[in-house]
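Examination of the molecular architecture
The primary structure of each chain is shown beneath.
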Amino acid sequence: MPAVSKGDGMRGLAVFISDIRNCKSKEAEIKRINKELANIRSKFKGDKALDGYSKKKYVCKLLFIFLLGHDIDFGHMEAVNLLSSNKYTEKQIGYLFISVLVNSNSDLIRLINNAIKNDLSSRNPTFMNLALHCIANVGSREMAEAFAADIPRILVAGDTMDSVKQSAALCLLRLNRTSPDLVPMGEWTSRVVHLLNDQHLGVVTAATSLITTLAQKNPEEFKTSVSLAVARLSRIVTSASTDLQDYTYYFVPAPWLSVKLLRLLQCYPPPEDAAIRGRLSECLETILNKAQEPPKSKKVQHSNAKNAVLFEAISLIIHHDSEPTLLVRACNQLGQFLQHRETNLRYLALESMCTLASSEFSHEAVKTHIETVINALKTERDVSVRQRAVDLLYAMCDRSNVQQIVAEMLNYLETADYSIREEIVLKVAILAEKYAVDYTWYVDTILNLIRIAGDYVSEEVWYRVIQIVINRDDVQGYAAKTVFEALQAPACHENLVKVGGYILGEFGNLIAGDPRSSPLVQFNLLHSKFHLCSVPSRALLLSTYIKFINLFPEVKGTIQEVLRSDSQLRNADVELQQRAVEYLRLSCIASTDILATVLEEMPPFPERESSILAKLKRKKGPGMVPDIEEGRKDKNVNGGMEPISTNATTKSTPSPSTDLLSLGSSPALSSAPPSSSAGGLLVDVFTENHAPAAPGVPMGPVADDNFSRFVCKNNGVLFENQLVQIGLKSEFRQNLGRMYIFFGNKTSTQFLNFSSSVICQDSLKTQLSIHIKPADPTVDGGAQLQQILNIECVSDFVEAPVLSIQFRYGGTLQNIAVKLPITLNKFFQPTEMTSQDFFQRWKQLSSPQQEVQKIFKAKHSMDTEVTKAKIIGFGVALLDRVDPNPSNFVGAGVIHTKTTQVGCLLRLEPNTQAQVGGPERVLACALACARCRAVPSPNASLSPSLFTDVPSHTTDKQGHCIAAAL
Amino acid sequence: MIGGLFIYNHKGEVLISRVYRDDIGRNAVDAFRVNVIHARQQVRSPVTNIARTSFFHVKRSNIWLAAVTKQNVNAAMVFEFLYKMCDVMTAYFGKISEENIKNNFVLIYELLDEILDFGYPQNSETGALKTFITQQGIKSQPQTKEEQSQITSQVTGQIGWRREGIKYRRNELFLDVLESVNLLMSPQGQVLSAHVSGRVVMKSYLSGMPECKFGMNDKIVIDKQGKGGATDDSGKSELGGSSGKQSIAIDDCTFHQCVRLSKFDSERSISFIPPDGEYELMRYRTTKDIILPFRVIPLVREVGRTKLEVKVVIKSNFKPSLLAQKIEVRIPTPLNTSGVQVICMKGKAKYKASENAIVWKIKRMAGMKESQISAEIELLPTNDKKKWARPPISMNFEVPFAPSGLKVRYLKVFEPKLNYSDHDVIKWVRYIGRSGIYETRC
């Protein structure tokens, strides 16, 4: 065969690859690949049979092209053909192609599976290995389905070669990981356990991996593996390093197997059988002893392998947590590593120590290393190692050393990496709280914390300070004093201002005796920070001010002055504005008794899990924080005061907003302290003159979509949404009008607290007087509520009043604002006049202030009748046969107001030159407004602006309008 | 403004790096390489934003030119500058290649210092630059004072592109109208989109400070004159296949800086004092009434899953007296082609596997002729059922007329100070129409 003479070199492939490597640009590479693909396609065309060698070569080239990132859509068949070859190299390439390029193509999968099945049942171990590797590499569900039953059989069959067993174990492990449901458990499981006794260490290593995975799922079934593993481990540990030959790695006997066995043992509790237990302890001791021996080699591989086994042994010791001597020895061993040259070792030592610290036996031993750890924190160059040091400090902390550790952490915080600052802040806060001996120290610590790393102090931390200060009366005075002093720094962090504001607001009276911190000084100090703060902090400070009014009546005047200032009362922020308005009102109206009730000191907070701890856990992810509580359940440190409870860790994390009476989160809460009597009173205060009470209060979007329709008509639906429908019926006579408003509840549930009001903007108040009859506060589902409005037009106006309604539906407060269609033309009285009269007056209206005219395009096709109806609806009299041009419309009317009467003339001129029949007929409209000459026209500028609006509403056409004032 | 300019080779190695502003850090060079040159997906946009830094790049063969800025610059200005930079480099040392750039890097830095100042583009006129940035290294004796002052006055003066006192024994003028015609046509012969982008390139060897006036059959000018009275050039100069067309509508055009734009705006006449040597007088684009020199009629038939029959006819559509050259028709083949047989009446055709296309070349072809090719393509059955996208058939050619219909009406030269007149100048006019993207769907 010629292929044999060529050998396995595959020169063509080598040439192709070097061609690709030599390509100067991507384009050149693509060209070369296209050429090669065309060549392979012509070879694979199928009319002439290819020998195995060429097939292998071309499949190899395809594989290479695929690995370069190009799509391959042919050649699969050839690759499958290679599988049935008897030559190892060809079969290998075939399997390689299949493992890399397999897709769930049904007809090919069948062929592939067939080939694999043939190889599995062949007696040739290399072929079996290839097949097993392919199954493991692909690892798809299809593969698992087809072979999950066969592989265990191969694994436990007595006559299988060792290397095949090894592959089979690993293949089964892989299938078990990808599709565990498809791997059947059966009688083979017990026999797998006995593989731990196999002669061949490779088989044992592979089997241990498999057993560990299986044991994690159902520990019961593999319980017998413990004794076998211990036996195997002791044989390895005690063996001289030369015994195992191939499996000795740089003088360490079978390190991988040892590590795996130790891992397997970590799936189970300490063995109950004393003999086994003794043997295991012996092993672990031997491992610890070996660590003390001088290294047998200077190579890094030797120490790595040794340490790997050692660390795994220490994790097993920690896992068992039953032998104090071993724990202490482990701790000492780790202590040595803390000063080791290798960064990795130091890291691992710190990490293992963290877990050791939570064991009651070794906690004290860990504590002896505190100096080293602190030193590591300061000098370590690698941030991840420093992070571990922080973790360890956190874990080893208890009452005896808390002051030192917290001080060190605070020290470190100033220079710490930004990435871990927040975490350190949380840890300091937790430790300070948990092990606080006296709370003055705690308050000092936290204030210090805010000073050093204010930006990283989250809400939870300062919430917690306040909770604790409020719950403990012995510390309140001290806290107020310290906060006051801290606030005196020229630049202090906003969080400090928040804490200061809250604490002084509650307990400022405790330090008011000292003239250096008299009420006025306190207030001025806080207010000096006011303008530098963000909105939520300002809101908090406003609450502090009202509390000051209660605490110190003598500063009431000053504070009211501040609240009354424009920057508060007219603040652009709704929250601040509302607080300022309400607090000012409250301080003016309520008596001192009421104030005292409303602004009582906060009641103690209920005990709950520290929100900081919850936050730290969230930040690190579950299982990352060494739980101090869990480790030492019996050591409840600060007596009954602390919220440490055994189930603290299982509690769901509360949302941070529940922590502190939702400061700054909802405007309603802030103005209504939890006292029912005061609440009722507050409502009185604010309802007294409620309609004009808040002239500047924004009402949300005002709906006016239906507004224009009402210019020419008086009845109809003004507003409608999913909940409510507002209908109107109105009648006007001279300068008076009456409007019936119907509120229809479209839902099936009751509206509660229903109230409606009409709001007239600024000048409109004097121009229009509206009386509203109060309506029922509830509207039943599906019912309608009627309300009557009496309207009087005092003088001419432009704006329309706004109807604002409010009700509670299903717990949420609904606000609706609608423009009421009360326009000046409603007060028109039509007047008839002759053609001569009309034009005489028309000509008199010559000054520019007296007329408005507008030209607009017709939006709709023009209909004489519709236009007439609209003009009549507009309020004027339609004068027939007055204009010489019959197509023009002419109207006249008098607008009645309480003060004056204004005559108006109107002329609408449809353009006679309009292109007949076209959709865009042009309409000209003239509207003249006649006003008694005797009356001066102070609002002349207003009236035309009304009329410029009007035509577009009336006729829905853009237009040309002349309005002239007499 | 431009913060820096980098030139890379195809591997992304930096050949030239010039930073003009402090806001561009050293890592900008790497950012562009990592995110554009070595990007996993090919970056097609010429503008890339990386970390608030904008990179504008153009590619010349294997060389990347990238301008960097942190500011909100006029992108068109930056690209204009980059193209100008390419032109300048080509004028100095020929083809832009890695080799040439490495050999001339001192020169390039010198040029970059001159044509960009603190990121603001300066005089980039090759002729002017060549007077004071030379390739021959430092001259043995320094330039005389007069020479230096002359350069200064030219560069800073009103006419920065021409120096005074040029003298030629023979006053000669070469004018090339170079057009590229772009087309996308449906299989049925319907024009989907077509436009011509053209350039008027001049080479002038004129003495003194001549004033030139260039006239062409611009529709607006012709109509204006037509209204005013009879035109003197009707029926003159019949080039190309268009017979009745006398004027063309130009969609937009740009001029060399020497053209007086105010005069163009008011009278639409193109008058200028030309630079010495070669330059591009104007660029323009037309979309109406384009003469399409060739028509491609494709016929593709699929015979089963494994065979494809293709027949393509090309027809030349211009005066029989003219000859088109360098005709190349590129017929794309499916990606699973395993064999091709081609028969063509004229020229040579070959299946090029590396480009996935049949390339049919014809050296010369007269107007009003037609020729055809037929090919049988064998296909290899593939696994995926994706249908072949049928890319369009593209064409390349060169014809001796302007497909837009543009004609030069006159080019007058006035030199009041020296004693030569318009008649003494020897003028040469040439039209070349090339294919741009000339495609027919099949």
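Residues numbered from 1 in each chain as written. Chains lettered and ligands numbered in written order. Predicted model: local features only at pLDDT ≥ 70, side-chain atom pairs only at ≥ 80, totals over all residues. Heavy atoms only, no water.

The name given to chain B in an unreviewed UniProt entry is Adaptor related protein complex 2 subunit mu 1, with the source organism recorded as Paramormyrops kingsleyae. On record in UniProt, under Sequence similarities (unreviewed entry), the comment for chain B is "Belongs to the adaptor complexes medium subunit family." Quoted verbatim from the Subunit (unreviewed entry) field of UniProt, the annotation for chain B is "Adaptor protein complex 2 (AP-2) is a heterotetramer composed of two large adaptins (alpha-type subunit and beta-type subunit), a medium adaptin (mu-type subunit) and a small adaptin (sigma-type subunit)." (UniProt positions renumbered as here; feature names shortened; annotations may be inferred.)

By the naming in an unreviewed UniProt entry, chain A goes by AP-2 complex subunit alpha and is assigned to Paramormyrops kingsleyae. What the UniProt record of chain A gives under Subunit (unreviewed entry) is the line "Adaptor protein complex 2 (AP-2) is a heterotetramer composed of two large adaptins (alpha-type subunit AP2A1 or AP2A2 and beta-type subunit AP2B1), a medium adaptin (mu-type subunit AP2M1) and a small adaptin (sigma-type subunit AP2S1)."

A tally of regular secondary structure across chain B gives eight helices and 23 strands. In chain B, which comprises 442 residues, the share counted as buried stands at 46%. Accessible surface, chain B as shown: approximately 23,200 Å² in total, 50% of it carbon and sulfur. (Helix = DSSP H or I, 4+ residues; strand = E, 2+ residues; numbered from the N terminus. Buried < 20%, exposed > 50% of the residue type's maximum accessible area, 1.4 Å probe, protein only. Areas by Shrake-Rupley, 256 points an atom, 1.4 Å probe, with all protein chains shown as cover.)

Next up on the list: the interface of chain A and chain B. Taken together, the contacts link 17 residues of chain A with 18 residues of chain B. Counting each side, the surface lost to burial between chain A and chain B is near 1,400 Å², with a carbon and sulfur contribution of 47%. A per-residue breakdown of the area chain A buries against chain B is headed by Arg41, Lys45 and Asp73 of chain A, which together make up 39% of the total. Counting across the interface, chain A meets chain B through two salt bridges. Linking Glu355 of chain B and Lys31 of chain A is a salt bridge whose minimum nitrogen-to-oxygen distance equals 3.9 Å. It is helix H3 (residues 26-43) of chain A that provides the largest number of residues to the side of chain A that touches chain B, a total of eight residues. Here the residues of the side of chain A that touches chain B are counted per class, giving five nonpolar, five polar and seven charged. (Contact = heavy atoms within 4.5 Å. Buried area = accessible area lost by both parts, 1.4 Å probe. Salt bridge = Lys/Arg side-chain N within 4 Å of Asp/Glu carboxyl O. Nonpolar A, V, L, I, M, F, W, Y, C, P; charged D, E, K, R; others polar.)

Let us look at helix H33 (residues 574-589) of chain A. All names here are of chain A. Compared with the 22 Å implied by 1.5 Å per residue over 16 residues, the 22 Å span of H33 between its first and last C-alpha is a close match. The set of residues buried in H33 consists of Glu575, Leu576, Gln577, Arg579, Ala580, Glu582, Tyr583, Leu584, Leu586 and Ser587. Of the residues flanking the start of H33, the one acting as N-cap is Asp573, its side-chain oxygen 3.1 Å from the backbone nitrogen of Glu575. (Expected span 1.5 Å × (residues − 1). Polar contact = N/O pair within 3.5 Å; in protein donor to acceptor, adjacent residues only side chain to side chain.)

How two aromatic rings sit relative to each other is given by the distance of their centres and the angle of their planes. As enumerated under the stated definition, the model contains 29 aromatic pairs over all chains in all. Geometrically, the ring pair formed by Phe732 of chain A and Phe827 of chain A is edge-to-face, given 5.4 Å between the ring centres and 80 degrees between the ring planes. Of the two residues, Phe732 of chain A sits in strand S5 (residues 724-733) while Phe827 of chain A sits in the loop between strand S11 (812-819) and strand S12 (828-830), which places them 95 residues apart along the sequence. For Phe732 of chain A, a relative accessible area of 15% translates into the label buried. Through a chain of ring-to-ring contacts, three or more aromatic side chains come together here, namely Phe6, Tyr8, Phe32, Phe55 and Trp64 of chain B. Its guanidinium or amino end placed over the ring of Phe127 of chain A, Lys91 of chain A lies 4.4 Å from that ring's centre, counting from NZ or CZ. One residue, Lys130 of chain B, lies across the ring of Tyr92 of chain B, its end atom 5.5 Å from the ring centre. (Phe/Tyr/Trp six-rings, centres within 6.5 Å; stacked < 30°, edge-to-face > 60°. Lys NZ or Arg CZ within 6 Å of the ring centre and 35° of its normal.)

Positive phi, normally seen in glycine, also occurs at Phe251 of chain A, with a value near 70 degrees. Position of Phe251 of chain A among the secondary structure elements: in the loop between strand S1 (248-249) and strand S2 (252-253).

What follows deals with the sheet that holds strand S17 (residues 337-344) of chain B. Residues and elements named next belong to chain B. Taken in spatial order, the four strands of this open sheet run S14-S15-S20-S17, and their pairing is antiparallel. The two strands at the open ends of the sheet, each matched to only one other strand, are strand S14 (294-303) and S17. Strand-to-strand twist across the sheet, computed as the mean angle between neighbouring axes with direction ignored, equals 15 degrees. Bridge count between S17 and strand S20 (residues 370-379): seven bridges; the pairing is antiparallel. (Pairing = 2+ DSSP bridges. Axes fitted to C-alpha atoms, helices over the stretch in contact; angles between N-to-C directions.)

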